[in-house]
Amino acid sequence: MPKTNSPPNYGHHNPGGQARVVLNGRHFCLGSYESAESRTEYAKLIAGWKPEPPAATIRITLPGQLTVNELTLRYLYAF
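If you're wondering where the values come from, they're calculated on a predicted model, not measured in any experiment.

## Digging into the packing of aromatic side chains
Then step 1. Evaluation of the coordinates by the stated rule reveals two aromatic pairs.
Then step 2. Centre to centre, the rings of Y10 and Y33 are 5.4 Å apart; their planes meet at 25°, and the pair counts as stacked. Highlighted residues: Y10 in the segment before β1 (11-13) and Y33 in the loop between β3 (26-32) and α1 (36-47), separated in sequence by 23 residues.
Then step 3. Under the relative-accessibility criterion, Y10 is labelled buried at 12%.
Then step 4. Exposure remark for Y33: the relative accessible area of 32% places this residue in the partly exposed category.
Then step 5. Judged by centre distance (5.6 Å) and plane angle (80°), the rings of Y10 and Y42 are edge-to-face. Here Y10, found in the segment before β1, pairs with Y42, found in helix α1; they are 32 residues apart in sequence, far enough to count as distant. Here Y10 matches Y42 in class, with each residue buried.
Then step 6. One aromatic cluster is present, formed by Y10, Y33 and Y42 through successive ring pairs.
Then step 7. One Lys or Arg, R39, reaches over the ring of Y10 and ends 3.7 Å from the middle of that ring.

Right, here's the structure in full:
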């Protein structure tokens, strides 16, 4: 997930010679790389693009259970 809200780059898919862009994890083929058609398609997709907010991270530990980090710290500081 990108950390900025700048639009993704217009890219080149080498094996197929196609232009592509990845928006919110989805790949879009735009046509022949550097063609006017692919640039127009890129502009349309970027105009409607909105970055997805980052996914929330939930940490669940039950009483008496250790995370790997906690176990590592206990091991390192035990000696």
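From this point, the narrative continues.
## Focus: the nonpolar core
Then step 1. Grouped together as the largest cluster of nonpolar side chains are nine residues: Y10, A19, V21, L23, L30, Y42, L45, I46 and W49.
Then step 2. For Y10, the contacting residues outside a window of four places in its chain are A19, R20, L30, S32, Y33, E34, S35, S38, R39 and Y42.

About the cut-offs
- Residues numbered from 1 in each chain as written.
- Predicted model: local features only at pLDDT ≥ 70, side-chain atom pairs only at ≥ 80, totals over all residues.
- Heavy atoms only, no water.
- Phe/Tyr/Trp six-rings, centres within 6.5 Å; stacked < 30°, edge-to-face > 60°.
- Helix = DSSP H or I, 4+ residues; strand = E, 2+ residues; numbered from the N terminus.
- Buried < 20%, exposed > 50% of the residue type's maximum accessible area, 1.4 Å probe, protein only.
- Lys NZ or Arg CZ within 6 Å of the ring centre and 35° of its normal.
- Core = buried A, V, L, I, M, F, W, Y, C linked by side-chain atoms within 4.5 Å.
- Contact = heavy atoms within 4.5 Å.

None of this, on its own, says anything about what the molecule does.
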